[in-house]
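# Analysis of the macromolecular model
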Amino acid sequence: NLKTFGARLPRAVLAALPQANVIQTGHPNLWARVQYEIGGVHSSWATRIRAAFRRSMPFAYERLFRDLGSLAAAEPRFRLVAPLRPFDLLSAADLLVSDWSSTTVEFSALDRPILLFDSPALPFADRELHAAFREACEPFTQLRELRTLAPRALAHPDARRTGRVSQNDSQ
């Protein structure tokens, strides 16, 4: 999400939730400025081609961190935190804005609302897994959707509960 939206993502969440504090972290590879894209054997040809194209144009990490640092300096409700203790951050959060990552799966165990960036440009290879994510989370494709989704998710945290609870737990 940060590579896609940069500082616009936390700005959109701050605007959508004027009473909330926003903590931004990310994968350790983001902080390490690793230049790679995932394009595994189950990825579509289009995804692999996009990954090869992105590798040819390295991501501007310094600009991303400069923009996030400027936001943190200007906005007291925003904190940029390196991913040293991600589970502590997750346990303190009332809402997660994420993508197709293990963090989304881990946060679902806390049974709290999740807003999931469902990028039309990056189709999910496994349809069943894609459906499970969408059932557990409130998907969005554009930042402007956060204006309505974030307050609604906090007002109705049980809305996607059945998707976050396994069938064994719900019986």
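This report concerns the structure included in the present document. Owing to the predicted nature of the structure, the values given are computational and were not obtained by experimental measurement.

## Topic: the nonpolar core
In this structure, L17, L30, L115, F140, L143 and L146 are the most contacted members of the largest nonpolar core, which totals 28 residues. When residues of this core are traced back to their parent elements, those giving at least two are α1 (2–5), α2 (8–16), α3 (28–31), α5 (61–74), β4 (114–117) and α9 (146–155). Excluding its chain neighbours within four sequence positions, the residues that come into contact with L115 are L95, L96, V97, S98, E138, F140, L146, L149, A150 and A153. Listed in part, the nine residues of the second largest apolar core include L90, L96, F107 and F133.

## A closer look at the packing of α2 against α9
Direction vectors running N to C along α2 and α9 enclose 60°, while the axes themselves pass 8 Å from each other. With respect to each other, α2 and α9 are oriented oblique. For the pair α2 and α9, the crossing hand works out as right-handed. On α9, the residues that touch L9, A12, V13 and A16 of α2 are L146, R147, A150 and P151. Taken together, the residues of the contact of α2 with α9 break down into seven nonpolar, no polar and one charged.

## Side note on the environment of F107
Following the sequence through the fold, F107 ends up in helix α7 (residues 102–108). Through-space distance from the C-alpha of F107 to that of L95 is 9.1 Å; in sequence the pair is twelve residues apart. Filtering out sequence-adjacent residues up to four positions away, F107 remains in contact with L90, A93, D94, L95, L96, R112, P113 and I114.

## Here's the deal with the packing of aromatic side chains
Both the distance between ring centres and the angle between the ring planes are used here to describe each pair of aromatic rings. Counting across every chain of the model gives five aromatic pairs. Their ring planes at 75° and their centres at 5.1 Å tell us that W31 and F65 sit as a pair that is edge-to-face. Placement of W31 in helix α3 and of F65 in helix α5 is noted, with a sequence separation of 34 residues between them. On the basis of an interplanar angle of 80° and a centroid distance of 5.0 Å, the ring pair of W100 and F133 is categorised as edge-to-face. With W100 in the loop between β3 (96–98) and α7 and F133 in helix α8 (residues 127–136), this pair connects stretches of sequence that are 33 residues apart. With a relative accessible area of 22%, W100 lands in the partly exposed category. F133 gets classed as buried once you look at its relative accessible area, which sits at 10%. Site record: aromatic cluster; members linked through ring pairs are F5, F117 and F140.

What counts, and where the lines are drawn
- Residues numbered from 1 in each chain as written.
- Predicted model: local features only at pLDDT ≥ 70, side-chain atom pairs only at ≥ 80, totals over all residues.
- Heavy atoms only, no water.
- Core = buried A, V, L, I, M, F, W, Y, C linked by side-chain atoms within 4.5 Å.
- Buried < 20%, exposed > 50% of the residue type's maximum accessible area, 1.4 Å probe, protein only.
- Helix = DSSP H or I, 4+ residues; strand = E, 2+ residues; numbered from the N terminus.
- Contact = heavy atoms within 4.5 Å.
- Axes fitted to C-alpha atoms, helices over the stretch in contact; angles between N-to-C directions.
- Parallel < 35°, antiparallel > 145°, perpendicular 65-115°, else oblique.
- Left-handed = near helix turned anticlockwise from the far one by under 90°.
- Nonpolar A, V, L, I, M, F, W, Y, C, P; charged D, E, K, R; others polar.
- Phe/Tyr/Trp six-rings, centres within 6.5 Å; stacked < 30°, edge-to-face > 60°.

Honestly, it's all geometry; don't read function into it.
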